[in-house]
Amino acid sequence: MSATDDSGRVVLHIDGGIATVVFHRPAARNAMTWVMYQQLAEACERLAADTTVRAVLLRGAGGQAFVAGTDIAQFAHFHDGEDGIAYERQIDAGITQLASLPMPTIALVEGWAVGGGLAIATACDFRLATPGTKFGVPIARTLGNGLSMANIARLRAAWGHERVRRMLLLAEMVGADEALACGYLLATAPSEALGDEGLALAQRLVALAPVTQRVSKVALQRLAVHDLPDGDDLIRAVYGSEDFREGVSAFVEKRTPVWKGR
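Keep in mind it's a predicted model, so treat the numbers as computed, not measured.

Visitor: Summarise the pattern of salt bridges; cite the residues concerned and give the values.
Guide: What the rule picks out here adds up to 13 salt bridges. The partner of Arg59 in a salt bridge is Glu110, with the nearest N and O atoms 2.9 Å apart. Residue Arg59 is located in strand 3 (residues 55–60), and its partner Glu110 is located in the loop between strand 5 (105–109) and strand 6 (112–114); the two are separated by 51 residues in the primary sequence. By relative accessible area, Glu110 is classed as buried at 7%. Shared partners join several salt bridges into a network, and the residues in it are Arg163, Arg166, Glu172 and Glu178.

Visitor: Summarise the packing of aromatic side chains; cite the residues concerned and give the values.
Guide: What the rule picks out here adds up to 16 aromatic pairs. Where Phe23 meets Phe66, the ring centres are 5.6 Å apart and the plane angle is 75 degrees; that geometry is what we call edge-to-face. With Phe23 in strand 2 (residues 18–24) and Phe66 in the loop between strand 3 and strand 4 (67–68), this pair connects stretches of sequence that are 43 residues apart. For Phe23, a relative accessible area of 0% gives the class buried. According to the relative accessible area criterion, Phe66 is buried, its value standing at 0%. On the numbers, 6.2 Å between centres and 65 degrees between planes, the contact of Tyr87 with Tyr239 is edge-to-face. Of this pair, Tyr87 sits in helix 2 (residues 81–99) while Tyr239 sits in helix 10 (residues 232–239), and the two are 152 residues apart along the sequence.

Visitor: Let's hear about the sheet that holds strand 7 (residues 126–129): which residues, and what values?
Guide: Ordered in space as 1-2-3-5-7-10, the six strands form an open sheet in which the pairing is mixed. At either margin of the open sheet sits one strand with a lone partner, and together these are strand 1 (9–15) and strand 10 (187–188).

Visitor: Provide a residue-level description of the pairing of strand 7, including the pertinent values.
Guide: Where strand 5 meets strand 7, four bridges bridge the pair, whose relative direction is parallel. Counted as the bridge partner of Leu108 is Leu128 from strand 7. Relative to strand 10, strand 7 is paired through two bridges, and the arrangement is parallel. The partner of Leu128 across the bridge, within strand 10, is Ala187.

Visitor: Break down the layout of surface pockets for me, with residues and values.
Guide: In this structure, the largest pocket occupies an estimated 690 Å³ of space. Residue lining of the largest pocket: 36 residues in total, with Ala68, Thr70, Ile72, Val114 and Thr142 positioned closest to the centre. Elements represented by at least two residues in the lining of the largest pocket include exactly helix 2, strand 6, helix 3 (116–123), helix 4 (139–142) and helix 11 (242–253). In terms of residue class, the lining of the largest pocket is made up of 21 nonpolar, nine polar and six charged.

Visitor: Tell me about the sheet that holds strand 8 (residues 134–136), and please be specific about residues and values.
Guide: Read from one edge of the open sheet, four strands run 4-6-8-9, paired in mixed fashion. If you trace the sheet from one side to the other, it starts and ends with strand 4 and strand 9 (173–175), each paired once. As defined by bridge partners, strand 8 adjoins strand 9 across three bridges and the pair is classed as antiparallel. The residue bridging Lys134 from the neighbouring strand is Gly175, located in strand 9. The strands touched by helix 3 within the sheet are strand 4, strand 6 and strand 8, with strand 6 carrying the most contacts at an inclination of about 95 degrees.

Visitor: Tell me about the nonpolar core, and please be specific about residues and values.
Guide: By size, the foremost hydrophobic cluster in this structure holds 58 residues, and its most contacted members are Val21, Phe23, Phe66, Phe75, Phe135 and Trp159. Val21 has contacts with Val10, Val11, Leu12, Leu40, Leu47, Val56, Leu57, Leu58 and Arg59, leaving out every residue within four places of it along the chain. Formed by eleven residues, the second largest nonpolar core is a distinct cluster that contains Ala55, Leu108, Leu128 and Leu201.

Visitor: Tell me about the environment of Glu172, and please be specific about residues and values.
Guide: Position of Glu172 relative to the elements: it lies in the loop between helix 6 (161–169) and strand 9. When the C-alpha atoms of Glu172 and Gly111 are compared, they prove to be 15 Å apart, with 61 residues separating the residues in sequence. Not counting residues up to four positions away in its chain, the partners in contact with Glu172 are Phe135, Gly136, Arg166 and Met167. Within the structure, Glu172 has its side chain in polar contact with the side chain of Arg166 (distance 2.8 Å).

Visitor: Would you mind going over the environment of Gly261 in detail, with residue names and values included?
Guide: Tracing the backbone through its elements, the reader meets Gly261 in the segment after helix 11. On the basis of relative accessibility, which here comes to 68%, the residue Gly261 falls in the exposed class. When the C-alpha atoms of Gly261 and Leu98 are compared, they prove to be 35 Å apart, with 163 residues separating the residues in sequence.

Analysis parameters
Residues numbered from 1 in each chain as written. Predicted model: local features only at pLDDT ≥ 70, side-chain atom pairs only at ≥ 80, totals over all residues. Heavy atoms only, no water. Salt bridge = Lys/Arg side-chain N within 4 Å of Asp/Glu carboxyl O. Helix = DSSP H or I, 4+ residues; strand = E, 2+ residues; numbered from the N terminus. Buried < 20%, exposed > 50% of the residue type's maximum accessible area, 1.4 Å probe, protein only. Phe/Tyr/Trp six-rings, centres within 6.5 Å; stacked < 30°, edge-to-face > 60°. Pairing = 2+ DSSP bridges. 1 Å grid on protein atoms, 1.4 Å probe; cavity = no way out; pocket = protein on both sides within 12 Å on 5 of 7 lines; lining within 4 Å. Points joined across faces, edges and corners; volume = space filled by probe spheres on them. Nonpolar A, V, L, I, M, F, W, Y, C, P; charged D, E, K, R; others polar. Contact = heavy atoms within 4.5 Å. Axes fitted to C-alpha atoms, helices over the stretch in contact; angles between N-to-C directions. Core = buried A, V, L, I, M, F, W, Y, C linked by side-chain atoms within 4.5 Å. Polar contact = N/O pair within 3.5 Å; in protein donor to acceptor, adjacent residues only side chain to side chain.

What follows is the structure, encoded as structure tokens:
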């Protein structure tokens, strides 16, 4: 794929037992396309099979965003709630694949981690961010869709119930200071030092027992998504709604959506 392809790309580089995954679509704040989701899955498959990799760093290109969600224009092809169910299952599978990597993962977050970008960062084991970073899922303001039960469960485990409620119902963005105070972030660092801080953390992790790390990751993930209730009815309702179609149309037409509650 060429660097000018608007579908973006996910680049994997491995050096000395530490891998780096870069989301590269800076002109769109690294908003994920279907191509990028597929490339992330392929990178995870490669990493899961490579026993020489002991830690993974993930970051966005351009310095303005980690990942600013999924490219909303792609939802224009959705016809009904069943399309939403298929999409959320696809996203859940990719996030599970990332969360299930046997080695520790570190998200280096600059600028924005929104929607699908927040899900990706939350699937990582540790997060470092610049002081001005914002986190959130402002879909009640932007798109009018919803999240899967597994996605909400992971967010709740990492952020706490009330912060997730603010993100979803109020469309609030949470700053780095609050994210650090609640433990979502391990640390903050200025943009020019973020890469070095991430590498230092990766090197700390490489020096520790990999089997212990692997089984501990699995245990924490099982607790986070254990015995979840079915949520297909909720996803079907929101993706099949007039409000969702209005949210997509408003984005494409560059206007403010008019919500009708149906």
